[in-house]
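Structural characterization, general
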Amino acid sequence: MTEHRTIAVVGATGSQGGGLVRAILDAPDSGFTARVLTRDAKSPRALALAGRGAEVVEADLDDEASVHRAFAGAYGAFVVTNFWAPLTPEQEAARDRARMEIDQAHIAARAAHANGLRHVVWSTLEDTRPYFAHLGRTVPTPLGTYAVPHFDAKAEANAAFTSLGVPTTFLQTTFFYEAFTQGQGPHRDADGKLVLSLPMADRPLAMIAAEDIGRTALGVLSRGVEYVGRTVSIAGEHATGEELAARFTALLGEQVTYRPQSYEQARAAGYPSAVEVGNMYEFYAEAAAYFTGARDLDLVRRLNPRLESLDGWLARHRAEIGATV
């Protein structure tokens, strides 16, 4: 009989962790079982996963004792933090979001170390600051010394795992396809014409379906120690703004024109995270040769044969995208 090893999944009711839990449940012969970590075991998403056979435990990345309990007896873990988590004004005042992510990563790393986990997959991102420095580009810092805080803080948090010798794979993610339903997709200009206004100039953007992050994590875990201590950078597709506009044109049956914004326009958009998002796009575009080059799509497909193409994802989400235009 195959020994089933437990993977404790942080963020299991969200997109990334949920993708891993569903991938494990869809592959009963994988040798793994899923332990769902959630702040609320009675939430509809937690109950749905329990109904499919996942173990559900209550844990909170800000409650170290609960994470130790949740990791006890597990073979491995998937760890993700959420920079964009809803916070009260009091929480924001007590600790900024970058510090939150770093603190939570250290809690997860200590729990993994104390429980002797054999393999942790940590969902992370590049530190953008060395690239900006190398390129000789100066950008505003919206949070302390961070240029793109939701990238840079995760990169800093890598040390939480390495400093304790936790056997870790650093899974570097990227832009989610889902952003195209959350304000980053086509919109109508003053003349009623559809335009796509990403600040990417003529550079390719690396993208992935959030669900595929968890699926790829399962591929990493399934290979035992092969990827321990290594960085695996992932994407589902690379495409320029012009190529994306053509995809949206085919999808919607109406001409979509790519009209790139400048980084300055993106940073001046007026919503609370506009400076950070503008900096993010500047990094994506100016470091595109590195960023897309590090994301070997053939490798990702080997780790995750179910890797979803952008066209497939767009077809499944056509109604949502149409509703935003």
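In the block above lies the structure referred to throughout.
Residues numbered from 1 in each chain as written. Predicted model: local features only at pLDDT ≥ 70, side-chain atom pairs only at ≥ 80, totals over all residues. Heavy atoms only, no water.

**With respect to the packing of aromatic side chains**
Following the criterion strictly, the structure yields 17 aromatic pairs and no others. For the pair Tyr 177 and Trp 313, a centre-to-centre distance of 5.7 Å together with 55° between the ring planes defines the contact as tilted. Placement of the pair is Tyr 177 in the loop between strand S7 (175-176) and strand S8 (187-188) and Trp 313 in helix H14 (residues 310-316), with a sequence separation of 136 residues. The residues Tyr 177 and Trp 313 share a single accessibility class, namely buried. Residues Tyr 284 and Phe 291 carry aromatic rings whose centres are separated by 5.2 Å and whose planes lie at 70° to one another, so their mutual orientation is edge-to-face. Among the residues examined, Tyr 284 registers a relative accessible area of 3% and is labelled buried. (Phe/Tyr/Trp six-rings, centres within 6.5 Å; stacked < 30°, edge-to-face > 60°. Helix = DSSP H or I, 4+ residues; strand = E, 2+ residues; numbered from the N terminus. Buried < 20%, exposed > 50% of the residue type's maximum accessible area, 1.4 Å probe, protein only.)

**Considerations on unusual backbone geometry**
Positive phi values are uncommon outside glycine, yet Ala 201 reaches one of about 50°. Tracing the sequence through the fold places Ala 201 in the loop between strand S9 (194-196) and strand S10 (205-208). Judged by its relative accessible area of 32%, Ala 201 is partly exposed.

**What about the sheet that holds S7?**
Strands sit in the order S7-S10-S12 across an open sheet of 3 strands; the sheet is mixed. Two strands lie at the open edges of the sheet, namely S7 and strand S12 (237-239), each paired on one side alone. Relative to S12, S10 is paired through 3 bridges, and the arrangement is antiparallel. Note that in S12 the partner of Leu 205 across the bridge is Ala 239. (Pairing = 2+ DSSP bridges.)

**Observations regarding the packing of helix H7 (residues 149-162) against helix H11 (residues 274-286)**
Where H7 contacts H11, the axes come no closer than 9 Å and their chain directions differ by 70°. One way to sum up the angle between H7 and H11 is to call them roughly perpendicular. Between H7 and H11, the residues in contact are Pro 149, His 150 and Phe 151 and Glu 276, Met 280, Phe 283 and Tyr 284, respectively. In the contact of H7 with H11, the residues fall into 5 nonpolar, 1 polar and 1 charged. (Axes fitted to C-alpha atoms, helices over the stretch in contact; angles between N-to-C directions. Parallel < 35°, antiparallel > 145°, perpendicular 65-115°, else oblique. Contact = heavy atoms within 4.5 Å. Nonpolar A, V, L, I, M, F, W, Y, C, P; charged D, E, K, R; others polar.)

**Concerning the pattern of salt bridges**
Between side chains of opposite charge, a pair can form when the charged atoms approach closely. Tallied over the full model, the rule gives 27 salt bridges. A salt bridge links Arg 97 to Glu 92; its shortest N-O distance comes to 2.8 Å. Each of Arg 137, Asp 202, Arg 203, Glu 264, Arg 267, Glu 282 and Glu 286 takes part in salt bridges that share partners, so that together they form one network. (Salt bridge = Lys/Arg side-chain N within 4 Å of Asp/Glu carboxyl O.)

**Here we look at the nonpolar core**
With 41 residues, the main nonpolar core has Leu 198, Met 207, Leu 244, Phe 248 and Tyr 284 as its most contacted residues. Those elements giving two or more residues to this core turn out to be S9, S10, helix H9 (241-252), strand S13 (256-258), H11 and H14. No other element matches H11, which puts 6 residues into this core. Leave out the neighbours within four places in its chain, and Tyr 284 touches Phe 151, Thr 174, Phe 175, Met 200, Pro 204, Leu 205 and Phe 291. In this structure, Ala 12, Ile 24, Leu 25 and Leu 299 belong to the second largest nonpolar core, which totals 31 residues. (Core = buried A, V, L, I, M, F, W, Y, C linked by side-chain atoms within 4.5 Å.)

Limitation: the analysis is restricted to geometry and does not speak to function.
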